[in-house]
Amino acid sequence: MRPRSRIFAAALALVLMPFAALPALSQAANEPAAPKPAQPAEVQLGRDATKLPEPVQRMRQAILRAATSGEIEALRLPIDMNELPPIFAKERTPDRIAYLKGASADGNGREMLAVLYSLLTTGYAIKNQGTKNEMIVWPYHAALPLDKLTPSQEVEIYRFLSPARLKEMAAAGKYGWYRVEISPDGVWHTFAKDD
């Protein structure tokens, strides 16, 4: 074969190559598309609170200041920073401070302040990031499968849960203790116990 013929044959092969796959493509086009597997909602974990939006940082700091004061009444300030007060229980709680005192084993609300402090000083999870339902959740454990925690994540959860309680939750397949939720605009949504 002459060099000119080889060039022509190579060029012709390049031009015709895409058409060789046409029967397969047209057959695939007639078949229904396979359903995509459901993707779990992505959760982003973080530890550095300075990377959170400014309003979230402000609310978190206000709650932490109240918690470290040792006085449950100090919690009224972050509660009142919201247009609507945060949810503390499934039932209606008109006086949230009285509710926290009653829920606290010491009767003064200090146990609840300690719980808030413990949770807000762990890492956080950002759920539904970039959507209108985006929420920052403490502890991040509340957004993870408890039977798949790493050893370091287990050490951190033992700061506020006993190993026996964690085992119960893992067996039940869900987190079942207190969580704090703050939206990106700094609204404190919940400090409640998951059942």
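No experiment lies behind these values; they were computed from the predicted model shown.

Draft legend 1. Inspection of the pairing of strand β4 (residues 178-182) at higher detail. With five of five residues buried, β4 is to be regarded as a mostly interior element. Side-chain alternation along β4 places Tyr178, Val180 and Ile182 on one buried face and Arg179 and Glu181 on a second face that is also buried. Taken together, the three bridges between strand β3 (residues 135-138) and β4 define a ladder with antiparallel strand orientation. The residue bridging valine 137 from the neighbouring strand is glutamate 181, located in β4. As paired elements, β4 and strand β5 (residues 188-193) share five bridges and run antiparallel to each other. Paired with isoleucine 182 across the strands is tryptophan 188, a residue of β5. Where β4 folds back on β5, the antiparallel hairpin that results is connected by five residues, among which glycine 186 adopts a positive phi of roughly 85°.

Draft legend 2. Up close: helix α3 (residues 54-69). Relative to the 22 Å expected for 16 residues at 1.5 Å per residue, α3 spans 23 Å between its end C-alpha atoms, a close match to the ideal helical length. Of the residues making up α3, those classed as buried are Val56, Gln57, Met59, Arg60, Ala62, Ile63, Leu64, Ala66 and Ala67. Each element contacted by the buried residues of α3 is listed here: α4 (76-80), α6 (110-120), β3, β4 and β5. Glycine 70 lies just past α3 and shows a positive phi near 80°.

Draft legend 3. Spotlight on the packing of aromatic side chains. Tallied over the full model, the rule gives six aromatic pairs. For the pair phenylalanine 88 and phenylalanine 191, a centre-to-centre distance of 5.9 Å together with 85° between the ring planes defines the contact as edge-to-face. With phenylalanine 88 in the loop between α4 and α5 (96-103) and phenylalanine 191 in strand β5, the pair connects residues that are 103 residues apart, well separated along the chain. Like phenylalanine 88, the residue phenylalanine 191 is buried in the burial classification. Ring centres of tyrosine 178 and phenylalanine 191 lie 5.1 Å apart, and the angle between their planes is 25°; this geometry places the pair in the stacked category. With tyrosine 178 in strand β4 and phenylalanine 191 in strand β5, the pair connects residues that are 13 residues apart, well separated along the chain. As far as the burial class goes, tyrosine 178 and phenylalanine 191 line up, both buried. The rings of Phe88, Phe160, Trp177, Tyr178, Trp188 and Phe191 are connected pair by pair, giving a single aromatic cluster.

The rules we used
- Residues numbered from 1 in each chain as written.
- Predicted model: local features only at pLDDT ≥ 70, side-chain atom pairs only at ≥ 80, totals over all residues.
- Heavy atoms only, no water.
- Buried < 20%, exposed > 50% of the residue type's maximum accessible area, 1.4 Å probe, protein only.
- Helix = DSSP H or I, 4+ residues; strand = E, 2+ residues; numbered from the N terminus.
- Pairing = 2+ DSSP bridges.
- Expected span 1.5 Å × (residues − 1).
- Contact = heavy atoms within 4.5 Å.
- Phe/Tyr/Trp six-rings, centres within 6.5 Å; stacked < 30°, edge-to-face > 60°.

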